[in-house]
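Residue-level listing of the chains:
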Amino acid sequence: MTPRQIIGKIGLWLSVFVIVSPAILFFLWMISLSLKFEVDNAAYPPVFFPDRIAWKNYADVLASNRFLTYFVNSLIVTGSSTLLALIVGVPAGYGIARMAAHKSAIVILIARITPGLSYLIPLFLLFQWLGLLGTLVPQIIIHLVVTVPIVIWIMIGYFETTPMELEEAALIDGAGRWQVFRHVALPIAKPGVAVAFILAVIFSWNNFVFGIVLAGRETRTLPVAVYNMISFDQLSWGPLAAAALIVTLPVLLLTVFAQRQIVAGLTAGAVKGG
């Protein structure tokens, strides 16, 4: 390597370190808070490595505030809304991309950038009229308002970049449009589906407002469980940090796993080049 390449590589790594280090520091500090007793969390100067490990913070979180119930609710709401968003969004993105329906794409973009709170009040009144408030159904439906535009928008961009040669060859061989989508376009688009899946899960899993407004006492989700740990008389940083880490862990593990799937899909593409 030339000195210029070495300097460029060092500069790149320094830039990555400067950008990523704050997020890593905050995450490590959350881990430290979750493993300390309140005496250490309130100590000055701050204690990063505690002498005693407070594993009871995690035990208290799991044993209180209906945390396990909220965890199951989050799995049901996020899983259902993400699955339905993929079922609707992937074919819709393919159709819009292949038909070059730019006006439809603009509508999807508008739906994507519109804040979810804009839909909350009218849907709240609708669910109240239907008698569905306090169940998981309203949360699943309103999460689709957020996740479906994300999936469609990502898949439009991805299908527009995939090569047409295989699809044209399949049409010449007598395959129908649905067969082309299912057997040709969809396997090639697996990396895009993985990205859409990740983002849909993250947006649904971390949603707080919908869970606290539309849910009942037994149907709230995990972000609401973390909020319930904040009281007016006392703020326990240890259990609060432990709860936040437990909420973050499933999405973090899923993201790492899905990133490997994306790399595998990109390196195993059926067509190389445009």
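Everything quoted here is computed from the prediction, not taken from an experiment. Counting restarts for each chain: residues are numbered from 1 in the order of the written sequence. In view of the model being predicted, local features appear only for residues whose pLDDT reaches at least 70, and side-chain atom pairs are presented and counted only at 80 or more, with totals across whole chains, interfaces and linings using the full set of residues. To get the side-chain values, take all heavy atoms of the structure and skip hydrogens and water.

Draft legend 1. Here's a closer look at helix α9 (residues 177-188). Only runs of H or I of at least four residues qualify as helices and only runs of E of at least two qualify as strands under DSSP, and these elements are numbered from the N terminus. To estimate the expected span of a helix, subtract one from its residue number and multiply by 1.5 Å. Between its first and last C-alpha atoms α9 spans 15 Å; for 12 residues at 1.5 Å apiece the expected length is 16 Å, and the two agree. Exposure is judged per residue with a 1.4 Å probe applied to protein chains only, and the accessible area is read against the type maximum: over 50% gives exposed, under 20% gives buried, and values in between give partly exposed. Burial in α9 covers these residues: Val-180, Phe-181, Val-184, Ala-185 and Ile-188. Burial along α9 is one-sided: seen end-on, the buried residues are contained in an arc of 130°. Pointing more than 90 degrees away from the buried face of α9 are the exposed residues Trp-178, Arg-182 and His-183. Here the buried face of α9 lies against α4 (67-99), α7 (137-161), α8 (165-172) and α10 (190-205). The directions considered for the arc run from the helix axis to the C-beta atoms. Contact definition: two residues touch when any of their heavy atoms are within 4.5 Å.

Draft legend 2. How the structure looks around the UniProt feature "transmembrane region" (unreviewed entry) in the chain. Mapped onto the present numbering, the UniProt feature "transmembrane region" (unreviewed entry) falls on residues 12-31, 70-94, 106-130, 136-159, 192-215 and 235-257. Structurally, residues 12-31 comprises 100% helix and 0% strand, and the distance from its first C-alpha atom to its last is 28 Å. UniProt positions are given in the numbering used here, feature names are shortened, and annotations may be inferred rather than shown by experiment.

Draft legend 3. Just the packing of helix α5 (residues 102-113) against α7, in detail. Orientation of α5 relative to α7, taken along the N-to-C sense of each, is 135°, at an axis distance of 9 Å. Of the possible angle classes, the one that applies to α5 and α7 is oblique. With respect to the hand of their crossing, α5 and α7 are arranged in left-handed fashion. Contacts between α5 and α7 involve Ala-105, Ile-108, Leu-109, Ala-111 and Arg-112 on the former and, on the latter, Pro-149, Ile-150, Ile-152, Trp-153 and Ile-156. Lines fitted to the C-alpha atoms define the axes, with helices restricted to the stretch that makes contact. Angles between their N-to-C directions range from 0 to 180 degrees. To sort the angles, those under 35 degrees are grouped as roughly parallel, those over 145 as roughly antiparallel, those from 65 to 115 as roughly perpendicular, and the leftovers as oblique. Put simply, a crossing is left-handed when the front helix is turned counterclockwise from the back one by less than a right angle, and right-handed when it is turned clockwise.

Draft legend 4. Looking closely at a nonpolar patch on the surface. Taken together, the side chains of Leu-12, Trp-13, Val-16, Ile-19, Val-20, Ile-24, Phe-27, Leu-28, Leu-249, Leu-252, Leu-253 and Val-256 define a hydrophobic patch exposed on the protein surface, amounting to about 1,100 Å² of accessible area. Put simply, the parts of the chain that give the nonpolar patch at least two residues each are α1 (3-34) and α13 (237-267). The element contributing the most residues to the nonpolar patch is α1, with 8 residues. Tracing the backbone shows Val-20 in helix α1. Only residues whose relative accessible area exceeds 30% and that form no salt bridge enter a patch; like-charged residues are grouped when within 9 Å of one another, and nonpolar side chains (Val, Leu, Ile, Met, Phe, Trp, Tyr) when within 5 Å. Computed by Shrake-Rupley with a 1.4 Å probe, the accessible areas treat only the displayed protein chains as cover when residues are assessed. When a carboxyl oxygen of Asp or Glu lies within 4 Å of a side-chain nitrogen of Lys or Arg, that pair is called a salt bridge.

Draft legend 5. Seen up close, the packing of aromatic side chains. A pair of aromatic rings is counted whenever rings of Phe, Tyr or Trp (Trp by its six-membered ring) have centres within 6.5 Å, and the orientation is called stacked for planes under 30 degrees apart, edge-to-face for over 60 and tilted otherwise. Inspection of every chain in the model, using the stated rule, returns 5 aromatic pairs. With a centroid separation of 6.0 Å and an interplanar angle of 80°, the aromatic rings of Phe-71 and Trp-205 are classed as edge-to-face. With Phe-71 in helix α4 and Trp-205 in helix α10, this residue pair connects regions lying 134 residues apart in the sequence. Looking at Phe-71, the relative accessible area reads 26%, which means it is partly exposed. Centroid distance Tyr-94 to Phe-159: 5.1 Å. Interplanar angle 75°. Geometry classified as edge-to-face. One end of the pair, Tyr-94, is in helix α4; the other, Phe-159, is in helix α7, and 65 residues separate them in sequence. By the burial criterion, Tyr-94 is buried, and Phe-159 matches it. Members of the aromatic cluster, joined through ring pairs, are Tyr-94, Phe-159, Trp-178 and Phe-181. Two thresholds decide whether a charge sits over a ring: the Lys NZ or Arg CZ must be within 6 Å of the ring centre and within 35 degrees of the ring normal. One Lys or Arg, Lys-36, reaches over the ring of Trp-29 and ends 4.5 Å from the middle of that ring.

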